[in-house]
Amino acid sequence: MELGFFDGEFISLDEAKVRLEDRGYQFGDGIYEATHVYNGTCFALPRHLARCRRSLRELRIPITYMDEELTAIHQDIIKKSGIKDGAIYYQITRGTAPRTHYFPEHVVPHLSMTIRESKPNTEWQENGIHCTLVEDIRWLRCDIKSLNLLGNVLAKQAAHDKGVQGTIQFRKDQNLITEGSSSNFYIVKDGIIWTHPLNHYILKGVTRSILMEEIIPKLGLTVVEKAFSPEFAMSADEAFVTSTSLEVTPVVNIDGHTIGQGAPGKITQSLLTEYHRLVRQECYA
Ligand code: PMP
């Protein structure tokens, strides 16, 4: 059963709790995390909590929830909901105060959380997805997982409008691909994996970190963290996206151009297999 949480209380999702002057509501002044639950266990939670802390620090939102407390709330919401396979979303906003742009004094951040049934799309993982390419019009702090997602929303809607499953964004002034609308993007060319370096143009995906730190070294693969053009991506042997919900999902077509053989590539498949092994190790032990 889907379930919500607001400032210390478990609530049903349709119980109105947002204050009219919550800065998250009025300014998008807050941050969020999205995690996946497998077999009743939240995968890679410490990495998400570390990124959450960094996002809060970058926005100068006081940290009022310790990792231990957030971990306990995650465990509680999973248990109370009875959900075994699901998606948890939580956000922390700066707080509620009369609307002024500068940070208000004496406000306390709000935490809200939801859990819903969800499973990765295995059909997409087996067959790959088609993507469209759009200009990256987002702000210059894409490294912060802030609530301001209109750029991402418009990017994702472009895919929906074109009847494809995903969006890849590129910075027009540089002609360089950054990332997906809610995923990191990679290509494989001549056996080498390419992905955008970590800077203010992309989010440091938890799935990306697991690939870079645990999976790629284990498989003995080579990766370069270097930005590349849309044309270079079209000429790739393989392409894929990663995120908490997509895990590792092959991209087989970009704007009508077939990538490689038009089917999930061998390196992409080996990364997904290894990712599933880590999930089993952590959540099905
Ligand atoms: N980039 C963006 C813009 C995202 O929204 C997401 C998903 N939250 C990601 C990358 C992937 O991050 P993660 O692997 O932590 O889900």
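Everything below is about the structure shown above.
Attention in this report is confined to the structure presented alongside it. In this text the structure is predicted, and so the values were computed from the model without any measurement. (Residues numbered from 1 in each chain as written. Predicted model: local features only at pLDDT ≥ 70, side-chain atom pairs only at ≥ 80, totals over all residues. Heavy atoms only, no water.)

Formed by 24 residues in total, the largest nonpolar core has its most connected members in Ile77, Tyr90 and Leu111. Ranked by size, the runner-up nonpolar core spans 21 residues in total, among them Ala44, Tyr186, Ile210 and Leu278. (Core = buried A, V, L, I, M, F, W, Y, C linked by side-chain atoms within 4.5 Å. Buried < 20%, exposed > 50% of the residue type's maximum accessible area, 1.4 Å probe, protein only.)

Attention shifts here to a nonpolar patch on the surface. Taken together, Val18, Leu20 and Tyr25 make up a surface patch of nonpolar side chains, about 380 Å² in accessible area. As for its placement among the helices and strands, Val18 is situated in the loop between strand E2 (9-11) and helix H1 (23-27). Among the residues examined, Val18 registers a relative accessible area of 55% and is labelled exposed. (Patch = residues over 30% accessible without salt bridge, like charges linked within 9 Å, V, L, I, M, F, W, Y side chains within 5 Å. Areas by Shrake-Rupley, 256 points an atom, 1.4 Å probe, with all protein chains shown as cover. Salt bridge = Lys/Arg side-chain N within 4 Å of Asp/Glu carboxyl O. Helix = DSSP H or I, 4+ residues; strand = E, 2+ residues; numbered from the N terminus.)

Here Gln157 lies in helix H5 (residues 150-162). Separated by 24 residues in sequence, Gln157 and Ser181 have C-alpha atoms that sit 9.5 Å apart.

Looking now at the site of the ligand. Around the ligand sit 17 residues in total, of which Lys145, Glu179, Val206, Thr207 and Thr244 are the nearest. Within the side chain of Arg51, an N or O atom sits 2.8 Å from an oxygen atom of the ligand. The side chain of Lys145 places a nitrogen or oxygen atom 2.3 Å from a nitrogen atom of the ligand. Protein contacts shield 94% of the accessible area of the ligand, which totals 390 Å² for the unbound molecule. Secondary-structure elements contributing two or more residues to the shell around the ligand are helix H6 (206-219) and strand E13 (238-243). Considering only residue class, the shell around the ligand consists of three nonpolar, ten polar and four charged. (Near = heavy atom within 4 Å. Polar contact = N/O pair within 3.5 Å; in protein donor to acceptor, adjacent residues only side chain to side chain. Nonpolar A, V, L, I, M, F, W, Y, C, P; charged D, E, K, R; others polar.)

Most of strand E9 (residues 176-180) is tucked away: four of the five residues are buried. The sheet contact formed by strand E8 (residues 166-171) and E9 spans three bridges and is antiparallel. The residue of E9 that forms the bridge with Ile168 is Gly180. Between E8 and E9, which follow one another and run antiparallel, lie four residues, and Asn175 among them has a positive phi close to 55 degrees. (Pairing = 2+ DSSP bridges.)

Right, let's get into the pattern of salt bridges. By the definition in use, this model includes 17 salt bridges. The shortest N-O distance in the salt bridge between Glu33 and Arg51 comes to 2.7 Å. Pair noted here: Glu33 is in strand E3 (residues 30-38) and Arg51 is in helix H2 (residues 45-58), with a separation of 18 residues, a long-range link. With respect to class, Glu33 is no different from Arg51; both count as buried. Taking the shortest distance from any N to any O, the salt bridge between Glu179 and Arg138 comes out at 2.9 Å. In this pair, Glu179 is assigned in strand E9 and Arg138 in the loop between strand E7 (129-135) and H5, connecting sequence segments 41 residues apart. Shared partners join several salt bridges into a network, and the residues in it are Arg54, Glu58, Arg141 and Asp143.

Where H2 contacts helix H3 (residues 67-81), the two axes come as close as 11 Å, and the packing angle between them is 130 degrees. The orientation of H2 with respect to H3, classified from their angle, is oblique. Remark: the crossing between H2 and H3 carries right-handed chirality. Listed contacts from H3 to Leu45, Leu49 and Arg53 of H2 are Asp67, Leu70, Thr71 and His74. Per-class residue counts for the contact of H2 with H3 are three nonpolar, two polar and two charged. (Axes fitted to C-alpha atoms, helices over the stretch in contact; angles between N-to-C directions. Parallel < 35°, antiparallel > 145°, perpendicular 65-115°, else oblique. Left-handed = near helix turned anticlockwise from the far one by under 90°. Contact = heavy atoms within 4.5 Å.)

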